[in-house]
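Fold and geometry: a report
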Amino acid sequence: MSDKLKIEYIDEDRYKRIFVFGDLHGSLHLFDEMIKKISLSKDDLVIILGDSCDRGENSIGLYMRYLEMIKNGYSIKHIRGNHEDMFLKGYFYDENWTYDLWWENGGRKVLDELKKKGYEKEDTEFIREYIESMPHIISSKSYLFVHA
């Protein structure tokens with residue numbers, strides 16, 4: 001795992017519309033409602049400003065939805081938020097101090113969800129890989145997107 005700053009550059013002119021969501025915290029149903037409301041097309045870009053996990057009922061489902069949409073040709077970019085960082089370090093890398101911090105800030109909900117769905121750590125490696133691939137900053141000629 002690398003904590004090195006990752007910046008992703010995008011060409012905003014490539015997209016018809018750009019939508020920005022933040023802090024969904026496991027609310028898959030809200031994400032689905034927003035996608036339907038904006039009539040998202042494959043010419044659009046959705047940027048998630050981080051914190052898709054913890055607190056809500058469906059953090060794993062939310063990550064799975066993003067990956068499914070990307071696989072189906074939608075443009076979804078996700079910035080790594082502090083909750084992704086805590087999830088990564090506390091769950092996947094078992095750093096004790098981070099685990100406690102993560103647990104206190106909503107990680108318990110993710111662990112409950114994993115247990116309810118019967119997932120073991122090895123079943124969620126795709127999430128670790130996804131989080132590790134996330135940039136900290138997305139930049140374009142007109143915009144700078146960060147998790148603040």
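Preceding this paragraph is the structure being described.
Because the structure is a prediction, the values reported are computed rather than measured.

1. Regarding unusual backbone geometry
Positive phi, normally seen in glycine, also occurs at Asp23, with a value near 55°. Mapped onto the secondary structure, Asp23 falls in the loop between β2 (18–21) and α1 (28–38). Among the residues examined, Asp23 registers a relative accessible area of 41% and is labelled partly exposed. The phi dihedral of Asp54 falls on the positive side, at around 75°, and the residue is not glycine. In this structure, Asp54 sits in the loop between β3 (45–48) and α2 (59–71). For Asp54, a relative accessible area of 0% puts it in the buried group.

2. A word on the sheet that holds strand β4 (residues 75–78)
Taken in spatial order, the three strands make up an open sheet running β2-β3-β4, and their pairing is parallel. Of all strands in the sheet, those with a lone pairing partner are β2 and β4, marking the two edges. Averaged over all pairs of adjacent strands, the angle between their axes in this sheet comes to 20°, without regard to strand direction. Pairing between β2 and β3: four bridges, direction parallel. Bridge assignment links Phe21 to a residue of β3, and that residue is Ile48. Sheet contacts for α1: β2, β3 and β4; angle to β2, the most-contacted strand, approximately 160°.

3. Observations concerning the packing of aromatic side chains
The description of an aromatic ring pair uses the distance of the two centres, along with the angle that the planes make with each other. Applying the stated criterion across every chain, the model contains twelve aromatic pairs. Where Phe87 meets Phe92, the ring centres are 5.3 Å apart and the plane angle is 45°; that geometry is what we call tilted. Of the residues examined, Phe87 reaches a relative accessible area of 0% and is grouped as buried. Among the aromatic residues, ring-to-ring pairing joins Phe87, Tyr91, Phe92, Tyr99, Trp102 and Trp103 into one connected group.

4. With respect to the pattern of salt bridges
Two side chains with opposite charge may pair up if their charged atoms get near one another. In this structure the tally under the stated criterion is 13 salt bridges. Residue Arg80 pairs with Asp85 through a salt bridge whose shortest N-O separation is 3.1 Å. The class for Asp85 is partly exposed, based on a relative accessible area of 21%. Of the charged contacts, one joins Glu129 and Arg128 as a salt bridge, the two residues approaching to 3.8 Å between their closest N and O atoms. You can call Glu129 partly exposed: its relative accessible area is 48%. Taken together, the shared-partner salt bridges connect Glu125, Arg128, Glu129 and Glu132 into one network.

Thresholds, definitions, all that
- Residues numbered from 1 in each chain as written.
- Predicted model: local features only at pLDDT ≥ 70, side-chain atom pairs only at ≥ 80, totals over all residues.
- Heavy atoms only, no water.
- Helix = DSSP H or I, 4+ residues; strand = E, 2+ residues; numbered from the N terminus.
- Buried < 20%, exposed > 50% of the residue type's maximum accessible area, 1.4 Å probe, protein only.
- Pairing = 2+ DSSP bridges.
- Axes fitted to C-alpha atoms, helices over the stretch in contact; angles between N-to-C directions.
- Contact = heavy atoms within 4.5 Å.
- Phe/Tyr/Trp six-rings, centres within 6.5 Å; stacked < 30°, edge-to-face > 60°.
- Salt bridge = Lys/Arg side-chain N within 4 Å of Asp/Glu carboxyl O.

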